[in-house]
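Structure at a glance
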Amino acid sequence: MNINRIAILGSGSMGTAILSGLLASGFEASKVTITTKSSESAEKLADELGVNAIALDEQATANQDAVVGADVVLVAVKPAYVVEVLKEAAQKLHSDSLVISVAAGITTASMESVVPESVAVIRSMPNTPAIVGRAVTGLAAGSRSSALQLQLAKSLFETVGTVLVVKEDQIDQLSTVSGSGPAYLFYFIEEFTKAAQDLGFSADDARMLVEETFAGASELLAASGKTPQDLRRQVTSPNGTTER
């Protein structure tokens, strides 16, 4: 990855997940600057990971200062603040820097409108398994981003999982599948666990039975090379218990 310096604006779950993946890939911590809300979280990130961390409660210009000299600026604040934060940082952005947003619903056009014309913008949509390095991330290029910059963004997000490049008009649909998808699975596991308790298992045993069943099934799907339909048929013997 040809990145000399990266700024991460925002230290929520997604920002820190991507930071962890980046560092795990061998990127030097000293080349990362991340902004946080509190001095406490800034100190923790600096001590534990060795990155440069700037707290907004101590330095009101933290976001502007963080982007100085950065090749890549990852905007990991809540969607409502993305454009506002970019407006603040715009004058300090390097002329050839690449801005990547992880926020839902914020178009590349709206971001491009508040940064210098030489600055390229890419929109990304990772999901929460990024925390364990198993994200599915959608990437959509803005009007000013080059093929090389898109490849750079792809390499960055591959440190936390799998990447799919799509047109921007598909990014919201992608979010419906991979972004929201984990919640549906977690909800099904939650209800399945309640059902196991209703069958007489303790809370701990029910959780182990269900979570290990789903983890094992997911690994089997990944390792077997078979379709979900094929694997379902293997379990569902004609006139057997599962079919009933």
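Residues numbered from 1 in each chain as written. Predicted model: local features only at pLDDT ≥ 70, side-chain atom pairs only at ≥ 80, totals over all residues. Heavy atoms only, no water.

**Topic: helix α4 (residues 82-89)**
At 3.6 residues per turn, the α-helix brings residues three or four places apart onto the same side. Stated precisely, the cut-off is as follows: The buried label applies to any residue whose accessible area, calculated with a 1.4 Å probe on protein chains only, is under 20% of its type's maximum; exposed applies above 50%, and partly exposed to all values in between. Only runs of H or I of at least four residues qualify as helices and only runs of E of at least two qualify as strands under DSSP, and these elements are numbered from the N terminus. Throughout, the arc means the angular range of directions from the helix axis out to the C-beta atoms. It only takes one pair of heavy atoms within 4.5 Å for two residues to be counted as in contact.
Among the residues making up α4, those that are buried are Val82, Val85, Leu86 and Ala89. Viewed end-on, α4 has its buried residues packed into an arc of 100°, placing them on one side of the element. Against β1 (6-9), α3 (62-66), β4 (72-75), β5 (98-101) and α5 (108-112) lie the buried residues of α4.

**Points about the sheet that holds strand β7 (residues 135-141)**
Using the following cut-off: Each pair of strands is called paired provided DSSP finds at least two bridges between the two strands. Simply put, an axis is a line fit to the C-alpha atoms, just over the touching stretch for a helix, and the angle between two N-to-C directions goes from 0 to 180 degrees.
The strand order across the open sheet built from eight strands is β3-β2-β1-β4-β5-β6-β7-β8, with neighbouring strands paired in mixed fashion. For this open sheet the edge positions go to β3 (52-55) and β8 (161-165), each flanked by a neighbour on one side alone. Along the sheet, successive strands turn relative to each other by an average axial angle of 20°, direction set aside.

**Thoughts on the pattern of salt bridges**
Selection criterion: For salt bridges, the criterion is a side-chain nitrogen of Lys or Arg within 4 Å of an Asp or Glu carboxyl oxygen.
Applying the stated rule across the entire model yields nine salt bridges. Among the salt bridges present, the one from Lys31 reaches Glu28, with a minimum N-O distance of 3.9 Å.

**Focus: the environment of Leu220**
In this structure, Leu220 sits in helix α9 (residues 203-224). For Leu220 and Asn127, which are 93 residues apart along the polypeptide, the C-alpha to C-alpha distance reads 22 Å.

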